[in-house]
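Notes for the structure review
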Amino acid sequence: MAVNTANPLQAPEPATDGRPRFDLERAKAAVRELLIAVGEDPDREGLLDTPKRVAKMYRELFAGLEQDPADHLARTFDEQYDEIVILRDIQFSSTCEHHLLPFIGTAHVAYLPSSKVVGLSKLARTVRTFARRPQVQERLTAQVADALMEHLDAAGAMVVIESQHMCMKVRGVNDPESTMVTSVVRGVFRDNYAARSEAMSLLNRR
Ligand code: ZN
């Protein structure tokens, strides 16, 4: 078993070729249009730079659209290690695709290697690449688990994500304290109760 704690939020890696590119000018125009739509004057001094600033912010928040998580998981090393590998407390921020408001939290990732092992930082990068897209937490959780199964040929994967959704804090139900928890199990963790409870207890250990 290997347990480690991830680094704080990191800037995403540069875009790989062949993926969609962020259209900064179009995003600027859309923000300006939104300001007009809410009844503001985008030409007043305080708002002059806002379209550019917000467009650049979205370019950063959605940088994962231009990246392929398979790139992070491609550099594996062969290791005869058949115990559970766990990376806990991976901090991430993502954007709820329903409201375009942030949800921020931690991901805990476990997998059971078959033959391929990756560096722990790649697990964190995989989470953050998927997080830096318009998302829902359920899909984010499943995408990370599926990527481990697919690109590492893992025997099993388990991902637990806990996060706070701004769209629940600042609007709608206005529930500032709620935490959303999602978990996804794949492979042996789904089929084998003993393996699942071992991974679950390691993920939950404090
Ligand atoms: Zn939302």
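Details of the structure are given in the entry above.
A brief look at the structure comes next. (Residues numbered from 1 in each chain as written. Predicted model: local features only at pLDDT ≥ 70, side-chain atom pairs only at ≥ 80, totals over all residues.)

Describing the overall build of the protein
Spelled out, the test is: Secondary structure elements follow DSSP: runs of H or I of four or more residues count as helices, runs of E of two or more count as strands, with numbering from the N terminus. Residues with at least 20 neighbouring C-beta atoms inside 10 Å of their own are called buried, those with 12 or fewer are called exposed, and the rest are partly exposed, where every C-beta is derived from the backbone. By the convention adopted here, residues make contact when the C-beta atoms placed from their backbones lie within 7 Å.
Scanning the protein for helices and strands turns up eight helices and eight strands. Oriented by its inertia axes, the alpha-carbon framework of the protein measures out at about 65 × 40 × 25 Å. Expressed as a percentage of the 206 residues in the protein, the buried residues total 33%. Considering only contacts within the protein whose residues lie at least 6 apart along the sequence, 76% involve residues at least 24 apart.

Brief notes about the packing of helix α4 (residues 120-131) against helix α5 (residues 137-152)
In a pair of packed helices, the angle between the axes and the distance between the axes together describe the arrangement. Formally: Fitting a line to C-alpha atoms yields each axis, with helices limited to the stretch in contact; the angle taken between N-to-C directions then spans 0 to 180 degrees. Should an angle fall under 35 degrees it is called roughly parallel, over 145 degrees roughly antiparallel, and 65 to 115 degrees roughly perpendicular, with every other angle called oblique. Helix crossings fall into two classes, left-handed where the near helix is turned counterclockwise from the far one by less than a right angle and right-handed where it is turned clockwise. Polar here means any residue outside two lists: the nonpolar Ala, Val, Leu, Ile, Met, Phe, Trp, Tyr, Cys and Pro, and the charged Asp, Glu, Lys and Arg; Gly therefore counts as polar.
The geometry of α4 relative to α5 is characterised by a closest axis approach of 10 Å and an angle of 140° between their N-to-C directions. On the basis of their axis angle, the class for α4 and α5 is oblique. Where α4 crosses over α5, the handedness of that crossing is right-handed. On α5, the residues touching T126, V127, F130 and A131 of α4 are L140, Q143, V144 and A147. A per-class count over the contact of α4 with α5 returns six nonpolar, two polar and no charged.

Thoughts on helix α1 (residues 24-37)
Here is the rule we go by: Each residue after the first adds 1.5 Å to the expected span of a helix.
Under the 1.5 Å per step criterion, the end-to-end length of α1 is 20 Å for 14 residues, consistent within 8% with the ideal 20 Å. Once α1 ends, the next one or two residues include G39, with phi positive near 95°.

A closer look at the nonpolar core
The line we're drawing: Buried Ala, Val, Leu, Ile, Met, Phe, Trp, Tyr and Cys residues whose C-beta atoms connect them within 7 Å together make up a nonpolar core.
V109, Y111, V127, V144, M158 and V159 are the most contacted members of the largest nonpolar core, which has 36 residues in total. Examining the composition of this core, we find that six residues originate from one element, α5, more than from any other. Residue contacts for M158: discarding those within four places in its chain leaves A110, A145, V185, F189, A199 and L203.

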